[in-house]
Amino acid sequence: EIGTGQVAAALMASSLQAVPMCDVDLSHQSNISDDEDNRFQLPVTILGYEQNRHDGGIAFRWGPQSVQLRRNVYLRLVNVGAASLARNGQLGYHICLVCGHSRSPFSSPTDLDVFSKDHQHRCGKPVTPTGVYANIIADALSIQDCESQEVAYSVLEAIRYGASNILDMELGDLQILTVGRSGSEQVDALLYDPMPGGSGLLEQLISRWPDVISAALEVLQNCQSQCETACIDCLFTFRNAYYHRYLNRHVAIKKLTQWEDILAKSHDIPAKLPAKTEDDEHRPVNHPEALLQEMLKRAGFPDPIPQYSIDLGKPLGSTVPDLTA
């Protein structure tokens, strides 16, 4: 995110505007049929980073690696586009930010050009590549300072498979995220629990660590295809398509064997909260107030000041309106 020092790529940085995902309509029940509208699912690339806030946790040593289990980690996840296009540097979707219309990223250049010109004429704003992001709060197990994305993705995916065979969980109950660093191949690898409030799976995983590592090695070593890197018989699934190129069962076997199956507690991790600033007293205190403030700005009114105390004089005293012009 511009202004935070966060960069998604290890050796390069790209700029992409993004808008928040706010409203999604999902049907309560859907039957499979030839007329199904949503049979096609597009593999996409999800990047993300931490927002420097969590509620503390516990640090462990796993061989030479530092492992952290933290509660309520604030994350931002960004959908930067179709997986096959993002690998070639073509980021974002063609979305009109005025009316919301969009085009498939696989549309022809001519179609995309016509789409952009049409919305420039009708909506008064050019259509440029745009990402979609969502902020989440999740418990996370992180492996710090992995030497490469290949190591991070391969080890995390192996652990997830091992956990699904030992614990009462599906693969999708835990999700994977790697956070890169500018100018370095090293990444932090996160296995996070998307369930609001946490499902307890990460604590169970920690408590049965030797069993999970043993089950993970069994998955890796007993690939029916005996593949050279990874395949659908070991680590590949449709859902992890955007990082297939980083998965390597032999790399995971090497690291799991070297790091062994002992997870030793190192120390407690204190909570990390955002620093308080002088402006904190003059900010919206809830979502409706923030929404009203944004609507007044878009309407062209002077920037309103939230929670600003006004002296009404004696005998009335003072009052604090939601927004003051």
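Look above for the structure.
**Student:** Would you explain the pairing of strand E2 (residues 44-50) in this entry?
**Tutor:** Consecutive residues of a regular strand have side chains that alternate between opposite faces of the sheet. Of all seven residues that make up E2, five are buried, and the element is covered over most of its length. When E2 meets strand E4 (residues 65-82), the two strands line up antiparallel, connected through seven bridges. Paired with glycine 48 across the bridge in E4 is leucine 77.

**Student:** Which parts of the structure should I look at to understand the pattern of salt bridges?
**Tutor:** Between side chains of opposite charge, a pair can form when the charged atoms approach closely. Summed over all chains, the structure comprises eight salt bridges. For aspartate 118, the salt bridge identified is with arginine 122, shortest N-O distance 3.1 Å. You can see aspartate 118 and its partner arginine 122 sitting in helix H2 (residues 109-123), four residues apart, about one turn around the helix. Assessed through its relative accessible area of 34%, aspartate 118 is described here as partly exposed.

**Student:** Before we go on, may I ask you to explain unusual backbone geometry in this structure?
**Tutor:** Working note: non-glycine residues mostly have negative phi, and peptide bonds are mostly trans. For asparagine 72, which is not glycine, the phi dihedral falls at a positive 50°. Mapping asparagine 72 onto the fold places it in strand E4. Of note, the phi angle at glutamine 226 is positive, near 50°, even though the residue is not glycine. Checked against the element boundaries, glutamine 226 lands in the loop between helix H5 (209-221) and helix H6 (249-259).

**Student:** Explain the environment of cysteine 96 to me, please; I cannot follow it from the model alone.
**Tutor:** Mapped onto the fold, cysteine 96 is located in the loop between strand E5 (93-95) and strand E6 (102-103). For the pair formed by cysteine 96 and threonine 128, sequence separation is 32 residues and the distance between their alpha carbons is 7.9 Å. For cysteine 96, the residues in contact, after removing those within four places along its chain, are His101, His119, Cys123 and Val127.

**Student:** Where do I start with helix H3 (residues 149-166) in this structure?
**Tutor:** Along an α-helix, residues three or four apart share an orientation, since each turn contains 3.6 residues. If you check H3, its first and last C-alpha atoms are 26 Å apart, about what 18 residues at 1.5 Å a residue would give, namely 26 Å. Burial within H3 is extensive, with 14 of its 18 residues counted as buried.

**Student:** How do you make sense of the state of the cysteines when you look at a structure like this?
**Tutor:** Each disulfide is one covalent bond, formed between the sulfur atoms of two cysteines. Applying the stated criterion across every chain yields a total of zero disulfides. Between cysteine 99, a cysteine without a disulfide, and cysteine 96, which holds the nearest cysteine sulfur, the sulfur-to-sulfur distance is 3.6 Å. This cysteine, cysteine 234, is not joined by any disulfide, and cysteine 227 carries the nearest cysteine sulfur, 3.7 Å off.

**Student:** Before we go on, may I ask you to explain the side chain of serine 164 in this structure?
**Tutor:** Summarising the element assignment, serine 164 is placed in helix H3. A polar side-chain atom of serine 164 sits 2.7 Å from the main-chain carbonyl oxygen of tyrosine 161.

**Student:** What should I look at first to understand the packing of aromatic side chains in this one?
**Tutor:** Two descriptors summarise a pair of aromatic rings, namely the distance from one centre to the other and the angle between the planes of the rings. Taken as a whole, this structure holds five aromatic pairs when the rule is applied. Considering the side-chain rings of tyrosine 153 and tyrosine 243, the 4.3 Å spacing of their centres and the 10° angle between planes classify their relative orientation as stacked. Note that tyrosine 153 is positioned in helix H3 and tyrosine 243 in the loop between H5 and H6, a separation of 90 residues in sequence. Pair check on accessibility: tyrosine 153 and tyrosine 243 agree, each one buried. When the ring of tyrosine 153 is compared with that of tyrosine 246, the centres are 5.5 Å apart and the planes differ by 15°; the resulting orientation is stacked. In this pair, tyrosine 153 sits in helix H3 while tyrosine 246 sits in the loop between H5 and H6, placing the two residues 93 residues apart along the sequence.

Cut-offs used in this document
Residues numbered from 1 in each chain as written. Predicted model: local features only at pLDDT ≥ 70, side-chain atom pairs only at ≥ 80, totals over all residues. Heavy atoms only, no water. Buried < 20%, exposed > 50% of the residue type's maximum accessible area, 1.4 Å probe, protein only. Helix = DSSP H or I, 4+ residues; strand = E, 2+ residues; numbered from the N terminus. Pairing = 2+ DSSP bridges. Salt bridge = Lys/Arg side-chain N within 4 Å of Asp/Glu carboxyl O. Contact = heavy atoms within 4.5 Å. Expected span 1.5 Å × (residues − 1). Disulfide = S-S within 2.5 Å. Polar contact = N/O pair within 3.5 Å; in protein donor to acceptor, adjacent residues only side chain to side chain. Phe/Tyr/Trp six-rings, centres within 6.5 Å; stacked < 30°, edge-to-face > 60°.

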